[in-house]
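Architecture at a glance
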Amino acid sequence: DTEYCFDKIYGRIKSIVKNGTELLKEPSKFKMWHAPTYNCGSVDDWRANHLDHIYQKTYSSEVTDNGSEVVIKTKIALGGPANPPIIKMDVDYTFHNDGTLKVKVCGDIRENAPILPRLGLELVMDEKAESIKYFGLGKTETYPDRYKAARFGEYELNVTDNFVHYVRPQENSAHVDTRWVSITNILGHGIAAISKSKTFSFNCCHYTAE
């Protein structure tokens, strides 16, 4: 009851349909940008390399169907306009018959690249997907340099309340060391992300980083 549509030309997930409900409003995309914080000293280098306007170039997409799963292997590069690629990556998408999707990323960063703000996969969902449930550090936002007061556990909150209204708008609402997270609407339809080997950071809000 889960249907995926993958764009081989652009090398990205174009659509995810669950029980007849479209879960994505836009195709998936890799992002590097995060809103600068008040003490962020690398923002000039980020903007000089146009990390706030990253584009994906897809060199190839190879499809293999063995009956129980479909594997799409892509070779891509990420970079800003009029700049050499910041990173070149092999991204493998494995679609299983039970509706789950495994994404494996392996890449090389350009030798003289600036420190990256982040590297992540952005999934734009319908604004009605308001419920967040996750297992990790909480309940407040956490970052690699700001998490000592947080506790591991299973937490539930909504997207609206997850946003932090700083006096000066900046990066907010992240949760590091997450094991799994699900974002769903009132019917329970949504997307879940699980890491079996390493933890990850997620951010979910009604605003883009830009």
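Attention in this report is confined to the structure presented alongside it. (Residues numbered from 1 in each chain as written. Predicted model: local features only at pLDDT ≥ 70, side-chain atom pairs only at ≥ 80, totals over all residues. Heavy atoms only, no water.)

Structural notes on a nonpolar patch on the surface
On the surface, a cluster of nonpolar side chains totalling about 270 Å² of accessible area is made up of Val103, Val105, Leu121 and Leu123. Secondary-structure assignment places Leu123 in the loop between strand E9 (120-122) and strand E10 (131-138). (Patch = residues over 30% accessible without salt bridge, like charges linked within 9 Å, V, L, I, M, F, W, Y side chains within 5 Å. Areas by Shrake-Rupley, 256 points an atom, 1.4 Å probe, with all protein chains shown as cover. Salt bridge = Lys/Arg side-chain N within 4 Å of Asp/Glu carboxyl O. Helix = DSSP H or I, 4+ residues; strand = E, 2+ residues; numbered from the N terminus.)

Observations regarding the sheet that holds strand E11 (residues 151-158)
Strand order in the open sheet made by the four strands is E11-E10-E13-E14, with antiparallel pairing throughout. Strands with a single pairing partner mark the edges of an open sheet, and in this sheet they are E11 and strand E14 (190-194). Sheet twist, expressed as the mean angle between neighbouring strand axes with direction ignored, is 15°. Pairing geometry for E10 and E11, over eight bridges, is antiparallel. In the strand pairing of E11, Tyr134 is matched with Tyr155. (Pairing = 2+ DSSP bridges. Axes fitted to C-alpha atoms, helices over the stretch in contact; angles between N-to-C directions.)

Some thoughts on unusual backbone geometry
Omega for the bond connecting Gly138 with Lys139 falls within 30 degrees of zero, at 5°, which places this linkage in the cis form. Here Lys139 is to be found in the loop between E10 and E11. The backbone of Ala82 shows a phi angle near 65°, a positive value even though the residue is not glycine. Topologically, Ala82 is positioned in the loop between strand E6 (69-79) and strand E7 (87-96). Residues other than glycine seldom take positive phi values, yet Asp177 does so here, at roughly 55°. With respect to the helices and strands, the residue Asp177 is situated in strand E12 (residues 174-178). Here Asp177 falls in the partly exposed class, since its relative accessible area comes to 29%. (Buried < 20%, exposed > 50% of the residue type's maximum accessible area, 1.4 Å probe, protein only.)

As for the pairing of E6
Here ten bridges tie strand E5 (residues 55-65) to E6, and the two strands are oriented antiparallel to one another. From the neighbouring strand, Asp65 faces E6, where its bridge partner is Val70. Between E5 and E6, which pair antiparallel and follow one another directly, the connecting turn spans three residues, one of which, Gly67, has a positive phi of 100°. Looking at chain direction, E6 and E7 are connected through ten bridges and run antiparallel. Its bridge partner being in E7, Ile76 is matched across the sheet by Met89.

As for the pattern of salt bridges
Throughout the structure, instances matching the rule amount to ten salt bridges. With a closest N to O distance of 3.2 Å, Lys31 and Glu210 form a salt bridge. Of this pair, Lys31 sits in strand E4 (residues 29-31) while Glu210 sits in the segment after strand E15 (200-203); the two residues are 179 residues apart in sequence, bridging distant segments of the chain. Its relative accessible area of 52% is what places Glu210 among the exposed residues. For Arg118, the salt bridge identified is with Glu171, shortest N-O distance 2.7 Å.

Considerations on the nonpolar core
Membership of the largest hydrophobic core comes to 37 residues, with the highest contact counts inside it found for Met32, Leu51, Leu78 and Ile132. Residue assignment for this core shows that the elements contributing at least two residues are strand E2 (12-18), helix H1 (43-48), E6, E7, E10, E11, strand E13 (180-184) and E15. Here this core takes five residues from E7, the largest share from any one element. If sequence neighbours within four positions are ignored, Met32 has contacts with Leu51, Ile54, Leu78, Ile86, Ile87, Leu116, Pro117, Arg118 and Leu119. (Core = buried A, V, L, I, M, F, W, Y, C linked by side-chain atoms within 4.5 Å. Contact = heavy atoms within 4.5 Å.)

So, the side chain of Ser15
Considering the arrangement of structural elements, one finds Ser15 in strand E2. Judged by relative accessible area, which is 12%, Ser15 ranks as buried. Separated by 2.4 Å, the side chains of Ser15 and Glu22 make a polar contact. Once you skip the residues sitting within four places of it in the chain, Ser15 turns out to touch Glu3, Tyr4, Cys5, Glu22 and Leu24. (Polar contact = N/O pair within 3.5 Å; in protein donor to acceptor, adjacent residues only side chain to side chain.)

Section: the pairing of E13
Counting buried residues in E13 gives four out of five residues, a clear majority hidden from the surface. Alignment of E10 against E13, held across five bridges, turns out to be antiparallel. Among the inter-strand pairings, Ser131 is bridged to a residue of E13, identified as Thr184. Taken together, the five bridges between E13 and E14 define a ladder with antiparallel strand orientation. Each residue of the ladder has a partner; that of Thr184, found in E14, is Gly190.

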